[in-house]
Amino acid sequence: MSLPLQELAESATAESIVRMAFADLGQPSAPVATVVTSLIPSRSLEAGEQYRFHFDMTKCIGCRSCEIACNEQNGNPADIHWRRVGEIEGGTYPNTLRHYLSMGCNHCLDAECVKGCPVDAYTKDPVTGIVLHSATACIGCQYCVWNCPYSVPQFNAERGVVGKCDMCHGRLTDGREPACVNSCPEAAIEIEIVNTAAWRVDYAAAESPGMPAAGHTISTTRITLPLNSTTQLERVDTGRIQPEHAHLSLVFMTTLIQSVTGSLLFALLFDGAQPMLLALLLVITSIALNISVFHLGRPAYAWRAMKMWRRSWLSREVLLFGLFFCAIAAFTFAVWLQHLRLIVLAPPLLAAIGWMAVALGIAGTIASAYIYLVPARPAWNMAHTPIDFLLSGLLIGSTLPVTLDRIAGAFSRLALLQPFHLQATATYPHWLPGLAAVAWIANQTVRLVRLNRSSLFEDRAAAALMNTQDLRPVVIASFALPAAAGLLPLCGAFTFATLAAVAAVILARYLFFVSVVPLNMALTFTRGGAH
Amino acid sequence: MWTRIRRALGIDTRQSEYTFEHDPRFGHIAATRVADRWVKTTCGYCSVGCGMLVGVKDNKAVTVRGNPDHPVNRGKLCPKGLSEHHILDAPGRAKLPLLRKNGKLVPVSWDEALTVMIEKISVVQRRYGNDALGVISTGQLVTEEFYTLGKLVQLGFGSRNYDGNTTLCMASAVSGYKLTFGSDGPPGSYADMETADVILLIGANIADNHPILCQRLERNRINNPDSTVIVVDPRVTKTAMMADIHLPIKPRGDIALLNGIAHLLIRDGHIDRDYIERHTTGFEEFAAFVAEFTPEHVAQVTGLSEETIINTAYLYGKAKAAFIGWTMGVNHSTQGAATVTAINNLSLITGNIGRAGAAPFSITGQCNAMGSRESSFTSALPGYRKFEKPQDREDLARIWNIDANRIPTARGLAYPDIIEAAVNGKVKALWFIATNPVVSFPNYSVLVQALESVDFLVVQDGFHPTPTSEFAHLVLPAAIWGEKEGTYTNSERRVSKVNPVVVPPGEARTDFDIFLALAEKLGVREELYPGWQSTHDAFREWQRVSEGRMCDYSKFTWQQLEDEGGAQWGGDRLYADGVFPTATGKAALYSVPCLPFVEQPNEEYDLIFNTGRTVEHWHTRTKTAEVKMLDNMVPNAWLEMNPIDAARLELRPHDRVNVVSRRSTVRDIELRITGIVAPGQVFMPFHFAETNSNLVTLGAFDPISREPNFKQCAVRIEKFSRTIT
């Protein structure tokens, strides 16, 4: 497949293409041909090749014209910059070195955004290798934002969808250079052709100070670094790390659905799977699933999220939690019908449905945790995440059934419900919440210690964020509350224990979201223009 | 309502606002940026003078492009230029005349505004004399407006106390040129930066301030791989990083360095004796004077090694064509004019002037600072004429058809002296046009005293409120770049056409219209501006006034300027024949002593304070703060400090600090600990009214040019605390 660009380039002289410049812009009838050295490839792509950016750090003067040109090209709001300029510096005065990075999308060979997208909104263009994103297909789940090690995709809240650099695909196919290339006064940015197989073997030229390691997704951007420099160049923006978005809908959704899974597990173990409890758990599950939808920029299209279950953990989570809801609903109905003696099921069959629901809940929780196991967000990408998700279910689940039974008890005393004999009879061990709390606290403690001692800047920065004035009280509360949740049942205060456990998990989950420090390219000192 | 629900649910993603179309000229682009007509014009920010095309759709400016055919920028623009269309419909534009009544600014009609202005000024002038009116103009108007304003102030209002904010910027360059060559006028061209073997940039951070000039250095490097770029700057600027050699000089060591180079070149015979003989005066005295500037002495003053000094001298002396460019590092000094003559000395003794690649060259600040130098009636008579020369006054009187006695025989007060006169009660009415002294003038407290002392303060500006317009008794809303027609002159004497793109917002009027309306009310319109309707009438008279002068506008028409990407008066470079407009026809060599800067650090104020710019912002941000993208990129100022000083003061990155000088304090500024600045020095960008560097700067002025010494004063840095002490 050939592109107009290449046809144009092929018909022109080698190494350059002929452009038209209009001497009089009022009358484009008198074109003057001027030959300019081209900053876009002059031949067509062959099989096994793709386009890439080349950034020449030795030419860039940090003027940021490319950033403005990109925003104007794409009509983006002022706070969204698909091309960003960063600063790196090192050395001691007067032998100080400062350089700039100007980066759009790296159009990676193994693009994580493509793999993680639950709705297949991303495609790696088979001809050009450009990673394209479709705003129409996108549901605004922002999983790509979490997945990209360069923080390239940016969520446009006004639109409810993500957007990113497409190498000005529409201009390239028209034989024109991308807006950033066009605007650069120093010709520091150009488009070139890369042989993907060769690049996969040796992508050392993609590495640069101030850039995350290229190997993870195999960034295709080639960066020309200053020659023979022994000065260590470092980021200047690291003191400006801000908390990330709290994603409150996800905080509540994950907390609630994990609570239900844990509660159901213990209810089955201790013979507590009785009609009113199950009804309440079903209500909580449907609330949780409804809340989760509002995490999306486009809630109306939540159903699309299951599409890519073969490769996206987000799709799998949605699918498994959907099935979990079906199973718990089926189990609840079955138990009710049994209780009302409308049907009679063999006890093993009934138990099987219940255990099936538990299994789906655990599977969903694990899928849910896997969403966060992304290398681009190191503080999430730890075994502690799935452990936390499971232990949170146990911590809350160890007391929640008791509390719910009490609520159910209040309900069952209503005149209307008295004939159904809905009183709960199950008893749960008092030591269980304590055990869960110890495990939960241990997991969180080890995580904090590991973050603190990590060799990765992003991990340490996450720990540092939690140690800021604003977040430190939350951290302290997130440790005190589970201890309370473990101790209170020993004196029979299950309801307070439940409240403490839920609060603990919500606070810890809030911290989990806000304190993560994503991998990113180096930005400027003020981090201006960055999302 | 329905739309809001659809947006909340994500059914509507504002897709229609994010579609792309094919622009016939520039290809695939966001549909919102597709223009239905293009207007050729010149950028209104800095003095590089880039040619641009502004795209207009439905009478709204929607996009800006560098004009690929313009010789200055060849299609490239800096981020400010690329987003310039956003300032036209910015929310902060001044739209109505406002008059202070009972302490509050309230909208009034133009008629009332101008009537009150004339009345108040007349009262002041009757009571205190004509010179009690002080007028501070700008580098932002079109040349035709400067020309019109000059006549209005000097002949209409009859006040000599008229100056421009250009005195804060390039007055030292003007004075230096006048001293050495007998006239203002930057001798070189940008093209010289492409052909020179050695480019010496002194106190010029072009990568931040004039980024579009950097491509000249790049082209030079390609064409001439052996060329050398030397940057002299106490700070490791973006430009210093581009240099082959960076000379991290001690502040105000530049004169010593220049004299030291001159001494070495004279001593070792790398000078052009023939040129010196035929085209300069005062060489023997000069040679004797600079003999004291031995490498040893210069090393001591500049902090550079002797080897570096000798190496630099030889590079410069042996170059076939050597170029010296400078900006505010030189001009913003009490020795600014003297430093310029020291630069000129070096060019003259090596014959590096009037040839391709060889020139001493000041790079100016504002888009039309040069136009004000040529045509305004402030420090000189229009057309580079001198107040002191009867012949010049008579020339003008003849063209203007007035009595020559009406033309003053000496200039009035310069900008800082007008401010001082206002504080002393000698100037009782002030009129500021397109400038924002509350942020741009040194030593804020004195300036504010001046603003509060006068009986009547008029601020004419494209934006309101500005920190200055908030003090005004009368605010006149003016049109800005993109709404006016005329010409700008850039740093290389290139006169370019400026065209209106849209109409001014609200009731804002062009400065030209305001000047004519005032003339009408004063009863001088027909006398001063016979039959004038548009700036083109001003241009035609200005052509006659400048005819035969160095800045001769009679050689081109507006149309030619527009079609040909402007024209340089005086051609590619001045003084190719070695004949200078002095009494002797020769250029003067001056003996320039190197003095330490005025306010040296001591124990209490232990750091040297330096100010400058950042590429994203323009001057006092009245424009760029209105462009969300630019403001978002750099939303606040910072203070740069070397790690050694930070360790000594026990400060950490991002600490909030106060900058304290003998005059006042800049509070609550973010600390950037960096090797960009030298130990013992701190730097902050001056754009931000919120953290106004001029609270602490020194009110010391060059005795020749009257330019303020913005660059060095003594400060100490304290940790900011919220409690007010």
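Computed from a predicted structure; not experimentally measured. All residue numbers here refer to positions counted from 1 along the written sequence of the relevant chain. Here the convention is simple: chains get letters from A, ligands get numbers from 1, in the order in which they are written. Restriction of local features to residues with pLDDT of at least 70 applies here, the model being predicted, together with a cutoff of 80 or more for giving and counting side-chain atom pairs; totals for whole chains, interfaces and linings are based on all residues.

(A) Region of the structure containing the interface of chain B and chain A. Across the boundary between the two partners, chain B contributes 59 residues, which contact 50 residues of chain A. Per the convention used, a helix needs a DSSP run of H or I reaching at least four residues, while a strand needs a run of E reaching at least two, with both numbered from the N terminus. When residues of the side of chain B that touches chain A are traced back to their parent elements, those giving at least two are β2 (27-30), β3 (37-42), α2 (79-82), α8 (214-223), α9 (238-242) and α26 (628-633) of chain B. Residue pairs qualify as contacts under a 7 Å threshold applied to their C-beta atoms, which are placed from the backbone.

(B) View of the environment of Val330(B). Residues and elements named next belong to chain B. Locating Val330 in the fold gives a position in helix α15 (residues 328-331). Spatially, the C-alpha atoms of Val330 and Arg373 are 18 Å apart, while their sequence positions differ by 43 residues. The contact partners of Val330, leaving out residues within four places of it in the chain, are Ser172, Ile202, Gly203, Asp254, Gly336, Thr339 and Val340.

(C) Looking closely at the environment of Ser286(A). One can find Ser286(A) in helix α9 (residues 275-293). Distance from Ser286(A) to Met253(A), taken between C-alpha atoms, is 9.8 Å for residues 33 residues apart in sequence.

(D) Representation of the domain arrangement of chain A in the model. All names here are of chain A. Note that domain bounds follow an automatic or database assignment of domains. Domain annotation of chain A identifies domain 1 (40-240) and domain 2 (248-514). For domain 1 versus domain 2, the distance between C-alpha centres works out to 39 Å. Counting only elements with at least two residues in the side of domain 1 that touches domain 2, the list comes to α3 (112-116) and α4 (143-147).

(E) Seen up close, the sheet that holds strand β20 (residues 494-498) of chain B. Residues and elements named next belong to chain B. Strand pairing is defined by DSSP finding a minimum of two bridges between the two strands. The three strands lie next to each other as β19-β20-β21, forming an open sheet whose pairing is antiparallel. Looking at the sheet topology across the chains shown, the edges are occupied by β19 (486-489) and β21 (567-568). Relative to β21, β20 runs antiparallel, the two being bridged by two bridges. Along β21, the bridge assignment pairs Arg494 with Gln568.

(F) Local environment of the environment of Arg84(A). Inspection of the secondary structure puts Arg84(A) in strand β4 (residues 84-90). Around each residue's C-beta, the other C-beta atoms within 10 Å are counted; 20 or more make the residue buried, 12 or fewer make it exposed, and counts in between make it partly exposed. All C-beta atoms are placed from the backbone. You can call Arg84(A) buried: it has 29 C-beta atoms within 10 Å.

(G) Quick peek at the packing of helix α10 (residues 313-339) of chain A against helix α11 (residues 347-371) of chain A. Residue and element names in this part refer to chain A. Two numbers describe how α10 lies on α11: the axes approach to 8 Å, and their chain directions differ by 160°. In terms of orientation, α10 lies roughly antiparallel with respect to α11. For the pair α10 and α11, the crossing hand works out as left-handed. Grouping the constituent residues of the contact of α10 with α11 by class yields 21 nonpolar, five polar and two charged. Helix axes are fitted to C-alpha atoms over the stretch in contact, other axes to C-alpha atoms as well, and angles between N-to-C directions run from 0 to 180 degrees. Orientation labels follow simple angle bins: below 35 degrees gives roughly parallel, above 145 gives roughly antiparallel, 65 to 115 gives roughly perpendicular, and whatever is left gives oblique. For any pair of crossing helices, the crossing counts as left-handed if the nearer helix is rotated counterclockwise from the farther one by less than a right angle, and right-handed if it is rotated clockwise. The classification used treats Ala, Val, Leu, Ile, Met, Phe, Trp, Tyr, Cys and Pro as nonpolar, Asp, Glu, Lys and Arg as charged, and all other residues, Gly among them, as polar.

(H) Quick look at helix α16 (residues 472-487) of chain A. Residue and element names in this part refer to chain A. Taking 1.5 Å per residue, 16 residues should reach 22 Å; α16 reaches 23 Å between its end C-alpha atoms and fits that length. Of all the positions in α16, only Ser478, Leu481, Pro482, Ala485 and Gly486 are classed as buried. Burial along α16 is one-sided: seen end-on, the buried residues are contained in an arc of 135°. Along α16, exposed side chains directed more than 90 degrees from the buried face belong to Arg472, Pro473 and Ile476. Buried positions along α16 lie against α12 (384-397), α14 (431-453) and α17 (494-514). Helix span is expected to be 1.5 Å times the residue number reduced by one. What the arc measures is the spread of directions leading from the helix axis to the C-beta atoms.

(I) Representation of the domain arrangement of chain B in the model. All names here are of chain B. By the assigned domains, chain B splits into domain 1 (2-87), domain 2 (98-169 + 368-527), domain 3 (187-362) and domain 4 (607-719). The C-alpha centroid of domain 4 is placed 30 Å from the C-alpha centroid of domain 2. For the side of domain 2 that touches domain 4, the secondary-structure elements that each account for two or more residues are α19 (415-423), α20 (437-440) and α21 (444-453). For the side of domain 2 that touches domain 4, the per-class residue count stands at 11 nonpolar, six polar and one charged.

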